[in-house]
Amino acid sequence: MKKFLAVLMMVLVISPVKAEIEILITEGRDDARPIAIVPFAFEAAGVIAAPPFDFAKIIADDLARSGKFKPTAIADLPQNPSSVEQVDLNLWKTLGVDAVVYGLVKEKSPGVYQVSYDLLDPYNDKAIFDSQIEEGSYALVTQSQHLMLLKDKIVGQDNYRWNAHIAADEIYEALTGERGAFATQIAYVEVDRSQQNPYQLFVSDSDGFGAQRIFSSRMPIMSPAWSPNGQQLAYVTFENGRSEIVRQDLAKAQRDVLASFKGFNSAPTWSPDGSKMAMVLSKDGNPEIYLMDLATEQLTRLTRHYAIDTEPSWSPDGKSIVFTSDRGGRPQIYRVFLGSGETKRVTFEGRYNAGAEFSPDGNSIVMVHQSSKGFHLATQDLSSGAINILTRTNLDESLSIAPNGSMIIYSTVSGRQKVLSTISMDGRFGMPIPSTTGEVKAPAWSPFLN
Amino acid sequence: MKHLTKLAALAVFALVISACTTTKPTDTTDTGTTQSGPTAEQLAAQRAAEEARRAAAAEAARIQALLDSTTIYFGYDQDLIDSEYTEMLRLHAERMVAENRSVTLEGHADERGTPEYNLALGERRAKAVAQLLKTFGVSDSQIQVVSFGEESPAMSGHSESSWAKNRRVELNYK
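A few points about the overall build of chain B
Line of reasoning, step 1. The number of helices and strands found in chain B is 5 helices and 4 strands.
Line of reasoning, step 2. Scanning chain B from its N terminus toward the C terminus, one meets helices and strands in the order α-α-β-α-β-α-β-α-β.
Line of reasoning, step 3. Contacts spanning at least 24 positions in sequence make up 74% of the contacts within chain B whose residues lie at least 6 apart.
Line of reasoning, step 4. When the accessible area of chain B is evaluated, it comes to approximately 10,000 Å², of which 57% is carbon and sulfur surface.

Shown next, in the form of structure tokens:
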């Protein structure tokens, strides 16, 4: 320890004064709230068939992945209630958890389940007055005054996991006041060189489960982007030997080519209202940002500069776009206001800032920032200009922010493998997403889907 | 633009050097002796001829090696073509003009930084090579430029030894 301190002091003395604030905390965070998720009881109809997934475990994993909650280990639970009548408040107060979730799964017929679950605050005996729970819908016992959520749903085999994510969203919102983003999806590219079509575009649930391949190719796939209604993906494909932008409808599996101009066609991103798409085309000699009206497919050129202009990202109000340009000599982030056309430089710290995306509240951007240690994700507050480096991983790229602004998914290198990882918006909680095979990259977080 | 001016200067310099070195062969005096077997002079001439032949063969092999090599490597976040590739590209250009051949210039980047920026960087590198080929007389219609950014690395590693091999433009003849 002494040795470590000595080294640290040396570094502090030698390193030049930097305005960057580096918060690099290892996995886990001490302010995660303790919560108990009791495994749900199960009642079979006739032939005993266990439900397809462990509903309570999906909820617990979702909440843990947010970094804001620390679910109690199942072995440490003092009791296993499945209804409010069975809850012994004192046991949960002794355990010291902020909230308790329990539930019951009843098989109604093969593949159809009635899932009921409650969220309860063991300390607050007036919780029910702040909840949406209807009078008369709950058991008349003292514990019911502690209820925050009281849910009862019919769930099928096919949407069982999805409903567990919705339950996690409900619980997350009840406890934080912020909308949950677990019932969302991630689009990503997987490269598996053992396959005839190594480049594969997948869409999975936000926890990586239920991955469905929606396109595969012998040639690279880049830059998937969601439509604001969550029904379409735009991406870049090299299937014809060079980059083109296609749009694919997820339900109907229809594809159409949006941009196949001379030069390259890249970085598609929908406007928040879904009417336009910003894209980068080099058809006029060098990379410029264009806006395509999706009804008429008419193009409007947004940037005019001999430097590289790329990676457009819309502000949530649709009135401005941030983009990467090396017009100052090195890649930095600029912002163009669509009404006036005024363009100003946003980033000044660091040799390389690129791939920025607006946070959902529009107050900050997240970007790839090169520090002395490598390429990390960083946020920049748009009013103060303060930079906060979020990740300890290196070679980070292709960031995408959850629609509630709580988490960021991105591509990085772990060991010798290209993998996806998540980090909380404050950089305090990060988690790699285990990959199946091959390299995984270019993640894109869907908008809210329900 | 700066590197183009530099190149032009280099070309002029090369011309001057070659003008200087192509001096006339020195006069040899023939004594006309009638001794059997080669004279010392004849032996020297044979050796000189042999050396010249070897030098010519070595030069031909060197030129062939340059024509066989089809990859230009770049510095990090750079699109400047190192002067070591000038002759190689001039030879390729001469062949393209002489044989009216077309080429696809495939631009690539290493994995550092963002994929979309790297796609633009790959194109910029391929265009820098295209520009040089054009100054050596190749016409626009003989050149196609494609960028793959960081999507198609030559080496899969995550350190400088791989990155150096991935920042490249490949000449693919049709």
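Focus on the interface of chain A and chain B
Line of reasoning, step 1. Of the residues lining the interface, 41 residues belong to chain A; the matching set on chain B comes to 23 residues.
Line of reasoning, step 2. Across the chain A to chain B interface the summed buried area is about 2,500 Å²; carbon plus sulfur atoms make up 58%.
Line of reasoning, step 3. The tally of links between chain A and chain B comes to 5 salt bridges.
Line of reasoning, step 4. Among the ionic pairs, B:Asp77 bridges to A:Arg330, the shortest N-O distance being 3.5 Å.
Line of reasoning, step 5. At the junction of chain A with chain B, the criterion picks out 12 residue pairs in polar contact (both at pLDDT 80 or more).
Line of reasoning, step 6. Of all the secondary structure elements, the ones that give two or more residues to the side of chain A that touches chain B are β11 (221-226), β15 (265-270), β19 (309-314), β23 (353-358), β24 (364-371), β27 (397-401) and β29 (417-424) of chain A.
Line of reasoning, step 7. Looking at the side of chain A that touches chain B, the element that brings in the most residues is β11(A), giving 3 residues.
Line of reasoning, step 8. For the side of chain A that touches chain B, the class distribution of residues is 18 nonpolar, 14 polar and 9 charged.

A word on the domain arrangement of chain A
Residue and element names in this part refer to chain A.
Line of reasoning, step 1. Domain annotation for chain A reports domain 1 (33-176) and domain 2 (185-445).
Line of reasoning, step 2. For domain 1 versus domain 2, the distance between C-alpha centres works out to 37 Å.
Line of reasoning, step 3. Each partner contributes to the interface: domain 1 provides 10 residues, whereas domain 2 provides 10 residues.
Line of reasoning, step 4. Taking both partners together, domain 1 and domain 2 bury about 800 Å²; carbon and sulfur atoms supply 56% of that area.

Details of the nonpolar core
Residues and elements named next belong to chain A.
Line of reasoning, step 1. Counting 51 residues, the largest nonpolar core has Met-277, Met-279, Leu-377, Leu-399 and Ile-408 as its most contacted members.
Line of reasoning, step 2. By residue number, the principal contributor to this core is strand β16 (residues 276-281), which donates 5 residues.
Line of reasoning, step 3. Discounting residues that sit within four places of it in the chain, Met-279 has contacts with Ile-245, Ala-259, Ser-266, Ala-267, Pro-268, Glu-288, Ile-289, Tyr-290, Met-292, Leu-299 and Pro-312.
Line of reasoning, step 4. Ile-35, Val-105, Tyr-117 and Met-148 belong to the second largest nonpolar core, which has 29 residues in total.

Some details on the side chain of A:Asp121
Line of reasoning, step 1. Note on placement: A:Asp121 falls in the loop between β6 (112-120) and α4 (127-130).
Line of reasoning, step 2. Here A:Asp121 occupies a buried position and makes no salt bridge, while the nearest side chain of opposite charge, A:Arg33, is found at 6.6 Å.

Focus on the pairing of strand β10 (residues 212-217) of chain A
Residues and elements named next belong to chain A.
Line of reasoning, step 1. Of the pairings in the sheet, the one linking strand β9 (residues 199-205) to β10 comprises 5 bridges and is antiparallel in character. Residue pairing in the sheet places Val-203 in a bridge with Gln-212 of β10.
Line of reasoning, step 2. Between β9 and β10, which follow one another and run antiparallel, lie 6 residues, and Gly-208 among them has a positive phi close to 90°.

Let's talk about the confidence of the model for chain B
Low-pLDDT stretches of the model should not have their predicted coordinates read in fine detail.
All names here are of chain B.
Line of reasoning, step 1. Scored by pLDDT, chain B has a mean of 86; 80% of the residues are at 70 or more.
Line of reasoning, step 2. Across residues 1-29, where pLDDT falls below 50, the model places 7 contacts with residues more than four positions away in sequence or in other chains.
Line of reasoning, step 3. Model confidence for the complex: the whole-complex pTM is 0.87, and ipTM, which rates the interface, is 0.89.

Section: the sheet that holds strand β3 (residues 143-149) of chain B
All names here are of chain B.
Line of reasoning, step 1. Strand order in this open sheet of 4 strands is β1-β4-β2-β3, and the pairing throughout is mixed. With partners counted over all chains shown, the strands left at the sheet margins are β1 (71-73) and β3, one partner each. Strand after strand, the sheet turns through a mean of 20° between neighbouring axes, direction not considered.
Line of reasoning, step 2. On top of the sheet, helix α3 (residues 86-99) reaches β1, β2 (103-108), β3 and β4 (168-173); it is set at about 20° to β4, its chief contact.
Line of reasoning, step 3. Sheet strands in contact with helix α4 (residues 115-135) are β1, β2, β3 and β4, and its direction is about 155° off that of β3.

Regarding unusual backbone geometry
Residue and element names in this part refer to chain A.
Line of reasoning, step 1. Phi is positive for Ala-267, close to 50°, though the residue is something other than glycine.
Line of reasoning, step 2. With respect to the helices and strands, Ala-267 occurs in strand β15.
Line of reasoning, step 3. Given the relative accessible area of 7%, Ala-267 is considered buried.
Line of reasoning, step 4. With phi around 55°, Ala-442 is a residue other than glycine that occupies positive phi space.
Line of reasoning, step 5. Position of Ala-442 relative to the elements: it lies in strand β31 (residues 439-445).
Line of reasoning, step 6. Judged by relative accessible area, which is 12%, Ala-442 ranks as buried.

Observations regarding the packing of aromatic side chains
Each aromatic ring pair is characterised by the separation of its centres together with the angle its planes make.
All names here are of chain A.
Line of reasoning, step 1. Under the criterion given, the structure shown has 13 aromatic pairs over all chains.
Line of reasoning, step 2. Their ring planes at 85° and their centres at 5.4 Å tell us that Phe-55 and Tyr-160 sit as a pair that is edge-to-face. With Phe-55 in helix α2 (residues 55-65) and Tyr-160 in helix α5 (residues 160-176), this residue pair connects regions lying 105 residues apart in the sequence.
Line of reasoning, step 3. Residue classification places Phe-55 among the buried residues on the basis of a relative accessible area of 2%.
Line of reasoning, step 4. By relative accessible area, which is 0% here, Tyr-160 ends up buried.
Line of reasoning, step 5. Relative to Tyr-334, the ring of Phe-323 lies with its centre 6.0 Å away and its plane at 25°, an arrangement referred to as stacked. In this pair, Phe-323 sits in strand β20 (residues 320-325) while Tyr-334 sits in strand β21 (residues 332-337), placing the two residues 11 residues apart along the sequence.
Line of reasoning, step 6. Of the residues examined, Phe-323 reaches a relative accessible area of 1% and is grouped as buried.
Line of reasoning, step 7. Using a relative accessible area of 7% as the deciding quantity, one classes Tyr-334 as buried.

Comments concerning the environment of A:Phe55
Line of reasoning, step 1. Sequence-wise, A:Phe55 and A:Asp396 are 341 residues apart; in three dimensions their C-alpha atoms are separated by 33 Å.
Line of reasoning, step 2. When neighbours within four sequence positions are excluded, A:Phe55 is seen to be in contact with A:Phe40, A:Val115, A:Tyr117, A:Tyr160, A:Asn163, A:Ala164 and A:Ala167.

Rules used in this analysis
Residues numbered from 1 in each chain as written. Chains lettered and ligands numbered in written order. Predicted model: local features only at pLDDT ≥ 70, side-chain atom pairs only at ≥ 80, totals over all residues. Heavy atoms only, no water. Helix = DSSP H or I, 4+ residues; strand = E, 2+ residues; numbered from the N terminus. Contact = heavy atoms within 4.5 Å. Areas by Shrake-Rupley, 256 points an atom, 1.4 Å probe, with all protein chains shown as cover. Buried area = accessible area lost by both parts, 1.4 Å probe. Salt bridge = Lys/Arg side-chain N within 4 Å of Asp/Glu carboxyl O. Polar contact = N/O pair within 3.5 Å; in protein donor to acceptor, adjacent residues only side chain to side chain. Nonpolar A, V, L, I, M, F, W, Y, C, P; charged D, E, K, R; others polar. Domains from an automatic or database assignment. Core = buried A, V, L, I, M, F, W, Y, C linked by side-chain atoms within 4.5 Å. Buried < 20%, exposed > 50% of the residue type's maximum accessible area, 1.4 Å probe, protein only. Lys, Arg positive; Asp, Glu negative; His and termini not counted. Pairing = 2+ DSSP bridges. pLDDT = per-residue confidence, 0-100. Axes fitted to C-alpha atoms, helices over the stretch in contact; angles between N-to-C directions. Phe/Tyr/Trp six-rings, centres within 6.5 Å; stacked < 30°, edge-to-face > 60°.

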